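# Tertiary structure, described
Letter by letter, the chains look like this.
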Amino acid sequence: MYGWMGKIIRIDLTAGSVHYEPLSEELRRDFIGGRGINSKMLYDATDSNTSPFSPENVLIFGTSPLSGTAAPSTPRCTVSAKSPLTGILGDANFGGFFAPALKACGFDHLVVTGKAEAPVQIVISGGEAEIRPAEHLWGRSTHETETMIRRRANGKKIHIAAIGPAGEKLVRTACIVHGHNVAGRTGMGAVMGSKNLKAVVVSDGTAKPLIADPERFRQVSSELRTKIRKSPFYPLFSTYGMAGPLAIENESGILSVRNLQQAGGFEEVEQVTCETLARDFYTGAKSCFSCSVGCMKEWEVKEGPYAGLKGTKIPEGCNAPNGPHCGNSYAPSLFKIYHLCNEYGIDVLDFGCLMASVM
């Protein structure tokens, strides 16, 4: 088997059981991986009567056949469940290192059903998974949760996907946070909270996906990296990260201002566009697994009421919805909002849209 590891973890939190099963050839052939296989398994496991917050809803973490390989920019992990926000397919994904780590432990997908009686965490290591207590983590922010889990890991390299208080309280815009990456939209963090599942912890394994033609694979990967660097979008993302080019959007009339009371024409847009954020706040950059773009910009607020605040990454989902969409042009507040949303486990784009509506 090439690309896939060939195994799925199925965990029933109600029964407290862990089972392993092969990833069928039919799923691999017809749905490939990640979002495709997740969607098929979700479709088979639920119906129109399944409540998103019921134990019968299924929460799926899925990787792709390219995750964990040298193929560029392929570490995405897709999280799927029936959405509490829409009542239909819920789908979110994050980058980072979680998906390659899950593959390195020998698994392509993690499927979670049921509801634990008390808060738990799922720990995957050495080709096995187990359910562990997590009462001591409940109520903690995502940063506190990660810090406490790492402290108990005693230096062992691990990768964590966790929810904050928003997911625990079933806020329908709750997300799942993996370090500097977030699976936002569709309320996957709320589904995780409804199952009393605080975190999924994956250790660095040693398994590697097999490649049918390693030399040809290296050649194609190299060609793709060259193509990425030559893309007209590469300088934008490598220089300014994920923050939106709001000045261009403002001028072209596609920038929402004050909850869409106007489109473009935001007088103070230069204070919150990606160029200003890069000039005044960026201090470095980080990359996801097997990616050379470095779009996760490290930043620091150096002046004002939020002076000393530091972090990594600021997406367009923050500086556009929480900036002009709210009529806000105070750049330091964007970093504070992003920090708080990640700590509580709230999707920052949804937050900005909701706040603009309220305002």
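An account of the accompanying structure is given in this report.

Conventions and cut-offs
- Residues numbered from 1 in each chain as written.
- Predicted model: local features only at pLDDT ≥ 70, side-chain atom pairs only at ≥ 80, totals over all residues.
- Heavy atoms only, no water.
- Core = buried A, V, L, I, M, F, W, Y, C linked by side-chain atoms within 4.5 Å.
- Buried < 20%, exposed > 50% of the residue type's maximum accessible area, 1.4 Å probe, protein only.
- Helix = DSSP H or I, 4+ residues; strand = E, 2+ residues; numbered from the N terminus.
- Pairing = 2+ DSSP bridges.
- Axes fitted to C-alpha atoms, helices over the stretch in contact; angles between N-to-C directions.
- Contact = heavy atoms within 4.5 Å.
- Patch = residues over 30% accessible without salt bridge, like charges linked within 9 Å, V, L, I, M, F, W, Y side chains within 5 Å.
- Areas by Shrake-Rupley, 256 points an atom, 1.4 Å probe, with all protein chains shown as cover.
- Salt bridge = Lys/Arg side-chain N within 4 Å of Asp/Glu carboxyl O.
- Disulfide = S-S within 2.5 Å.

## Observations concerning the nonpolar core
By size, the foremost hydrophobic cluster in this structure holds 33 residues, and its most contacted members are Leu59, Phe61, Ile124, Ile176, Leu197 and Val200. Examining the composition of this core, we find that four residues originate from one element, helix 3 (residues 98–104), more than from any other.

## Section: the sheet that holds strand 17 (residues 310–312)
The pairing of strands in a sheet comes from backbone hydrogen bonds and takes either a parallel or an antiparallel form. With respect to topology, three strands assemble into an open sheet ordered 15-16-17, the strand pairing being antiparallel. Each having just a single partner strand, strand 15 (282–286) and strand 17 make up the two edges of the open sheet. Pairs of neighbouring strands in the sheet enclose a mean axial angle of 15 degrees, with direction left out of account. Running at roughly 100 degrees to strand 15, helix 10 (residues 274–281) makes contact with strand 15 and strand 16 (296–300) of the sheet.

## Thoughts on a nonpolar patch on the surface
A cluster of nonpolar residues, Leu354, Met355, Val358 and Met359, forms a patch on the protein surface that exposes about 420 Å² of accessible area. Structurally, Leu354 is set in helix 13 (residues 348–358).

## Quick notes on the sheet that holds strand 4 (residues 77–82)
An order of 2-1-6-3-4-5 is seen for the six strands of this open sheet, with the pairing classed as mixed. Two strands close off the open sheet at either side, each with one partner strand: strand 2 (17–22) and strand 5 (89–94). Shown here is a sheet whose adjacent strand axes are inclined to one another by a mean of 15 degrees, direction ignored. Pairing analysis gives six bridges linking strand 4 to strand 5, with the strands arranged antiparallel. Within strand 5, the residue paired with Ser80 across the bridge is Asp91.

## Overview of the pattern of salt bridges
Going through the model one piece at a time under the given rule, you end up with eleven salt bridges. Taking the shortest distance from any N to any O, the salt bridge between Glu21 and Arg10 comes out at 2.8 Å. On the criterion of sequence distance, the pair formed by Glu21 in strand 2 and Arg10 in strand 1 (residues 7–12) is long-range, its members being eleven residues apart. Glu298 is paired through a salt bridge with Lys286; the nearest N and O atoms lie 3.7 Å apart. Here the residue Glu298 occupies a position in strand 16, and Lys286 occupies one in strand 15, the gap between them amounting to twelve residues. Given a relative accessible area of 34%, Lys286 falls into the partly exposed group.

## Some remarks on helix 10
Turning to helix 10, its buried residues number three or more, namely Cys274, Thr276, Leu277, Ala278 and Phe281. Summarising the contacts, the buried residues of helix 10 are in contact with helix 8 (234–240), strand 15, strand 16, helix 11 (316–319) and helix 12 (331–344).

## Quick look at the state of the cysteines
Evaluated as defined, the whole model comprises zero disulfides. For the unlinked cysteine Cys295, the closest cysteine sulfur is that of Cys288, found at 6.2 Å. Free cysteine Cys353: the closest other cysteine sulfur is in Cys326, separated by 8.1 Å.

## Some words on unusual backbone geometry
The phi angle at Thr186 is positive, at roughly 65 degrees, despite the residue not being glycine. Looking at the element boundaries, Thr186 is found in the loop between strand 11 (181–183) and helix 6 (188–194). A relative accessible area of 15% places Thr186 in the buried class. A positive phi angle is found at Arg258, which is not glycine, with a value near 50 degrees. For Arg258, the position within the fold is in the loop between strand 13 (256–257) and strand 14 (262–263). Residue Arg258 is classed as partly exposed on the basis of its relative accessible area of 32%.

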